Amino acid sequence: MLNQTLFGHLATRFSGHPENLATEALLHIVSRSLIAKQALLTFFHQFGVLLTDDTMFSCQQACLDGSIPDLVGTDSRGRKRVIVEAKFWAGLTDNQPVGYLKSLPEDESGILLFIAPA
């Protein structure tokens, strides 16, 4: 069942870190499709995180504490508002989730989302 989809097959066949490939694919999509980006922002809105279309997403950006979140959404003021971490058959690191939560705004206007296969 691991390789049911074409993307799943290619990710496990050609990547030692399929979670990085998945988040790069998500970044590619939301960077090129305003509709996809708005859908993602609407998803976060359901959890009380209000983001605007000027939210910028990036992948694999190292933080001061040495952590490297898979995907980060930053608001127009440069604040991390979204951290997305893909976990495909891997455990949490020392910075997850506590270090990630500490890097979000203290006013609880951010979200940490883990994505894992079912």
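Quick summary incoming for the structure in this document. (Residues numbered from 1 in each chain as written. Predicted model: local features only at pLDDT ≥ 70, side-chain atom pairs only at ≥ 80, totals over all residues. Heavy atoms only, no water.)

Side note on the overall build of the protein chain
1) Next: Check the secondary structure of the protein chain and you find four helices and four strands.
2) Next: Ordering the α and β elements of the protein chain from the N terminus gives α-α-α-β-β-β-α-β.
3) Next: Summarising its shape, the C-alpha atoms of the protein chain cover approximately 40 × 35 × 20 Å along the three principal directions.
4) Next: Classification of the 118 residues of the protein chain by burial places 36% in the buried group.
5) Next: Put simply, of all contacts in the protein chain between residues at least 6 apart along the chain, 44% involve residues at least 24 apart.
6) Next: Surface exposure of the protein chain reaches about 7,500 Å², of which carbon and sulfur atoms provide 59%. (Helix = DSSP H or I, 4+ residues; strand = E, 2+ residues; numbered from the N terminus. Buried < 20%, exposed > 50% of the residue type's maximum accessible area, 1.4 Å probe, protein only. Contact = heavy atoms within 4.5 Å. Areas by Shrake-Rupley, 256 points an atom, 1.4 Å probe, with all protein chains shown as cover.)

Regarding unusual backbone geometry
What you tend to see is this: most non-glycine residues have negative phi, and most peptide bonds are trans.
1) Next: Here the phi dihedral of Gln60 falls at roughly 55 degrees; this positive angle occurs in a residue that is not glycine.
2) Next: Its location among the elements puts Gln60 in the loop between strand E1 (56-59) and strand E2 (71-74).
3) Next: Among the residues examined, Gln60 registers a relative accessible area of 30% and is labelled partly exposed.

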